[in-house]
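# Overview (structure and organization)
Listed here are the chains, written in short residue letters.
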Amino acid sequence: MNQKHNTDQTIAVNRKAHHEYHIEERFEAGIALQGWEVKSLRAGRTQLDQGYVILKNNEVWLIGASITPLQTASTHINPDPQRTRKLLLHQREIAKLIGNVERKGYTLIPLSLYWKGKNVKLQIGLAKGKKAHDKRASEKDRDWEREKQRLMKAR
């Protein structure tokens, strides 16, 4: 049985992340999933917008991200779309995250979920929250870039 797998294909993106936070550094983490969750991800039934990442007992956990179960995939189990999922990182990466979160006041947020070969990976960002004036400045810059593109096309 020779199956083709999606390679490096994005499943979901947290669109609010860049609006709400300054992303300082990015990490790629594996994610521990159940079979029904993988099937739902293949169907693209997931949302990261409400998700966040916490550190507990030297482990990293994804909380609040929603993977909607397929009707056909879950007949004998009772799936929980919001369940807490363990993230898989190297011990030195976890130590670095713990240092930044506990001492420097950073936040961990999920940025995107994607296929890497046949595995599902989650990109998490080490981030600081933006203030209201930072958000307005970002919007102003984005609007100006859009206006510049329009003016260039008009020529």
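Residues numbered from 1 in each chain as written. Predicted model: local features only at pLDDT ≥ 70, side-chain atom pairs only at ≥ 80, totals over all residues. Heavy atoms only, no water.

## Side note on the overall build of the chain
Helices and strands together make up the secondary structure of the chain, namely four helices and nine strands. Walking the chain from its N terminus toward its C terminus, one meets helices and strands in the order β-α-β-α-β-β-β-β-β-α-β-β-α. Residues counted as buried form 34% of the 155 residues belonging to the chain. For the chain, long-range pairs separated by at least 24 residues make up 71% of all intrachain contacts whose partners lie at least 6 apart in sequence. For the chain, the exposed area adds up to about 10300 Å²; of that, 46% sits on carbon and sulfur atoms. (Helix = DSSP H or I, 4+ residues; strand = E, 2+ residues; numbered from the N terminus. Buried < 20%, exposed > 50% of the residue type's maximum accessible area, 1.4 Å probe, protein only. Contact = heavy atoms within 4.5 Å. Areas by Shrake-Rupley, 256 points an atom, 1.4 Å probe, with all protein chains shown as cover.)

## Re the nonpolar core
In a soluble, globular protein the nonpolar side chains are often hidden away together inside. Counting residues in hydrophobic clusters, the biggest one holds 26 residues, and the most contacted among them are L87, L89, L113 and I124. Of all elements in the fold, only β1 (10–13), β2 (21–31), α2 (35–42), β5 (59–63), α3 (91–104), β8 (107–116) and β9 (119–129) reach the threshold of two or more residues within this core. Per-element accounting of this core gives the leading share, four residues, to β9. In this view, I124 contacts E25, R26, F27, V53, L87, L89, L97, I109, P110 and L111; residues no more than four positions away in its chain are not counted. (Core = buried A, V, L, I, M, F, W, Y, C linked by side-chain atoms within 4.5 Å.)

## Considering the pattern of salt bridges
For side chains bearing opposite charge, pairing can occur when the charged atoms are close. Inspection of every chain in the model, using the stated rule, returns eight salt bridges. R146 is the salt-bridge partner of D143, the closest N and O atoms lying 3.4 Å from each other. Taken as a pair, D143 and R146 lie in helix α4 (residues 132–154) at a separation of three residues, close to a single helical turn. The partner of K148 in a salt bridge is E145, and the shortest N-O contact between them spans 3.2 Å. With K148 and E145 both in helix α4, this residue pair falls three residues apart, about one helical turn. (Salt bridge = Lys/Arg side-chain N within 4 Å of Asp/Glu carboxyl O.)

## Some thoughts on the environment of H18
Position of H18 among the secondary structure elements: in helix α1 (residues 17–20). For H18 and S138, which are 120 residues apart along the polypeptide, the C-alpha to C-alpha distance reads 9.4 Å.

## Some points on the confidence of the model for the chain
When pLDDT is averaged along the chain, the result is 80; 88% of the residues meet or exceed 70. Counting interchain partners and residues more than four positions distant, the pLDDT-below-50 stretch residues 1–7 has seven contacts. (pLDDT = per-residue confidence, 0-100.)

## A short note on α3
The terminal C-alpha atoms of α3 lie 19 Å apart, and with 14 residues this matches the ideal 20 Å at 1.5 Å per residue to within 8%. Of the residues making up α3, those classed as buried are I94, L97, I98, G99 and N100. Close packing links the buried residues of α3 with β2, β4 (52–56), β5, β8 and β9. G105 sits one or two positions beyond α3 and adopts a positive phi of about 75°. (Expected span 1.5 Å × (residues − 1).)

## Some points on unusual backbone geometry
The phi dihedral of N57 falls on the positive side, at around 55°, and the residue is not glycine. Within the secondary structure layout, N57 lies in the loop between β4 and β5. Although it is not a glycine, N58 sits at a positive phi angle of roughly 60°.

## Overview of the packing of aromatic side chains
This structure, assessed with the given rule, holds zero aromatic pairs. Here the guanidinium or amino end of K128 rests over the ring plane of Y106, the centre of that ring lying 4.8 Å away. (Phe/Tyr/Trp six-rings, centres within 6.5 Å; stacked < 30°, edge-to-face > 60°. Lys NZ or Arg CZ within 6 Å of the ring centre and 35° of its normal.)

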